[in-house]
Amino acid sequence: MAVKNAMTSDFLHSAYGGESMAHMRYLYWGQVAVKEGFPNIGTLFEATAYAESVHANNHFREIGGETADATVTAGAVFGNGKTVHNLQGAINGELHEVEQMYPVYLNTAKFQDESGAQRSFHYALEAEKIHAELFAQAQAAAKAGKDFEHSTVYVCPICGHTIVDEAPDKCPVCGAKKEMYKEF
Ligand code: FE2
Ligand code: FE2
Ligand code: FE2
């Protein structure tokens with residue numbers, strides 16, 4: 001079933017655009033990090049890129065309906081600097097989503113009684129909080145000339161929940177089982 005209300009539909013489109021661009025940006029910045037000698041930061045970017053693709057796919061599915069053209073304007077961090085700088089771009093993007101975008105989108109979906117969009121925005125919001133924190137840790141390490149201390153990252157393929165070192169028995173956000181987590 002397609003989303004019913006225009007405002008929630010607009011927000012799903014916009015979030016789809018933003019997540020899609022974040023996905024591509026993180027893949028690129030991950031390659032830059034590896035070249036700079038930070039393989040673990042590269043892995044963090046790669047895993048987070050996957051989480052953003054999960055969010056994009058969830059939003060896309062919730063838009064639903066007939067195939068139709070749409071133009072989306074999505075804010076994004078552009079640029080290709082050193083890893084410390086790229087991580088600041090990532091942190092800024094995640095914090096924008098955590099503090100501005102997803103709380104507004106989520107509350108609109110609640111107000112308009114759009115249960116599918118609510119779930120999709122909720123999943124993204126919870127993951128972005130973790131992304132902001134992990135990127136901040138990675139940036140602190142990079143500023144000291146060190147790599148991110150965690151070499152393995154796990155991502156829930158249902159909601160994008162992201163965690164270092166080991167997957168939980170059950171996803172704390174969507175309840176998916178440990179075996180479902182994708183390892184990076
Ligand atoms: Fe996301
Ligand atoms: Fe994110
Ligand atoms: Fe999950």
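See the structure printed just above.
From a predicted model like this one, the values you see are computed outputs, not experimental measurements.

Draft legend 1. Representation of the overall build of the protein chain. Secondary structure summary: the protein chain contains four helices and three strands in total. In sequence order, the protein chain lays out its α and β elements as α-α-α-α-β-β-β. Whereas a compact globule of 184 residues would reach a radius of gyration of roughly 16 Å, the protein chain reaches 16 Å, a difference of no more than 12%. Across its three principal directions, the C-alpha atoms of the protein chain cover 50 × 40 × 25 Å. For the protein chain, the proportion of its 184 residues judged to be buried stands at 49%. Taking the intrachain contacts of the protein chain between residues at least 6 apart in sequence as the baseline, contacts between residues at least 24 apart amount to 72%. Within the structure as shown, the protein chain displays about 9,300 Å² of accessible surface, and the carbon and sulfur contribution to it stands at 53%. Within the protein chain, one finds 14 positive and 23 negative side-chain charges whose respective centroids are separated by 2 Å.

Draft legend 2. How the structure looks around the pattern of salt bridges. Scanning the entire structure with this criterion turns up five salt bridges. Residues Glu114 and Lys4 are paired through a salt bridge, measuring 3.6 Å at the closest nitrogen-oxygen approach. Separated by 110 residues along the polypeptide, Glu114 in the loop between α3 (83–111) and α4 (115–143) and Lys4 in the segment before α1 (6–35) bring together distant segments of the chain. Look at Lys4 and you get exposed, because its relative accessible area is 56%. Here Arg119 ties to Glu62 by a salt bridge, and the two come within 3.2 Å at their closest N and O atoms. Linking Arg119 in helix α4 with Glu62 in helix α2 (residues 39–63), this pair joins segments that are 57 residues apart in sequence. Relative accessible area serves as the criterion here: at 42%, Arg119 is assigned to the partly exposed category. Within this structure, Glu166, Asp169 and Lys178 form a network of salt bridges that share partners.

Draft legend 3. Seen up close, the coordination of the iron ion (ligand 2). Coordination sphere of the iron ion (ligand 2), protein contribution only: Glu52 (OE), Glu94 (OE), Glu94 (OE), Glu128 (OE) and His131 (ND1), at 2.0 to 2.3 Å. In primary-sequence terms, the residues that donate to the iron ion (ligand 2) follow E-x41-E-x33-E-x2-H. The metal-metal distance between the iron ion (ligand 2) and the iron ion (ligand 1) comes to 3.8 Å, with Glu52 coordinating both. Residue Glu128 and its partner His131 are located together in helix α4, separated by three residues, close to a single helical turn. Judged on exposure class, the residue Glu128 and its partner His131 are both buried.

Draft legend 4. Geometry of the environment of Gly79. For Gly79, the location among the structural elements is in the loop between α2 and α3. Owing to a relative accessible area of 46%, Gly79 belongs among the partly exposed residues under this scheme. When the C-alpha positions of Gly79 and Arg25 are compared, they lie 9.0 Å apart, and in sequence the two are 54 residues distant. In contact with Gly79, not counting residues within four places along its chain, are Trp29 and Asn86.

Rules of the game
Here the residue numbers are simple positions, counted from 1 along each chain's written sequence. Chains carry letters from A onward and ligands carry numbers from 1 onward, assigned in written order. Local features in this predicted model are restricted to residues of pLDDT 70 or higher, and side-chain atom pairs are both shown and tallied only at a pLDDT of 80 or more, whereas totals for entire chains, interfaces and linings draw on every residue. Based on all heavy atoms of the structure, the side-chain values leave hydrogens and waters out of the count. What counts as a helix is a DSSP run of H or I of at least four residues, what counts as a strand is a run of E of at least two, and both are numbered from the N terminus. The globule rule used for comparison is 2.2 Å times the number of residues to the exponent 0.38, while the radius of gyration itself is calculated over C-alpha atoms. Each residue is placed in one exposure class: buried if its accessible area under a 1.4 Å probe, protein chains only, is under 20% of its type's maximum, exposed if it is over 50%, and partly exposed if it falls in between. Contacts are assigned to residue pairs with any non-hydrogen atoms lying within 4.5 Å of each other. Method for areas: the Shrake-Rupley scheme with a 1.4 Å probe, in which residue coverage is limited to the protein chains shown. In summary, the charge assignment counts Lys and Arg as positive and Asp and Glu as negative, without counting His or the chain termini. For charged residues, the charge sits on one atom: NZ in Lys, CZ in Arg, CG in Asp, CD in Glu. Counted as salt bridges are all cases of a side-chain nitrogen of Lys or Arg within 4 Å of a carboxyl oxygen of Asp or Glu. Think of the donor list as every N, O and S atom within 2.8 Å of the metal, or within 3.2 Å for Na, K and Ca; water never makes the list, so a site can look incomplete.

Read these as geometric descriptors, not functional statements.
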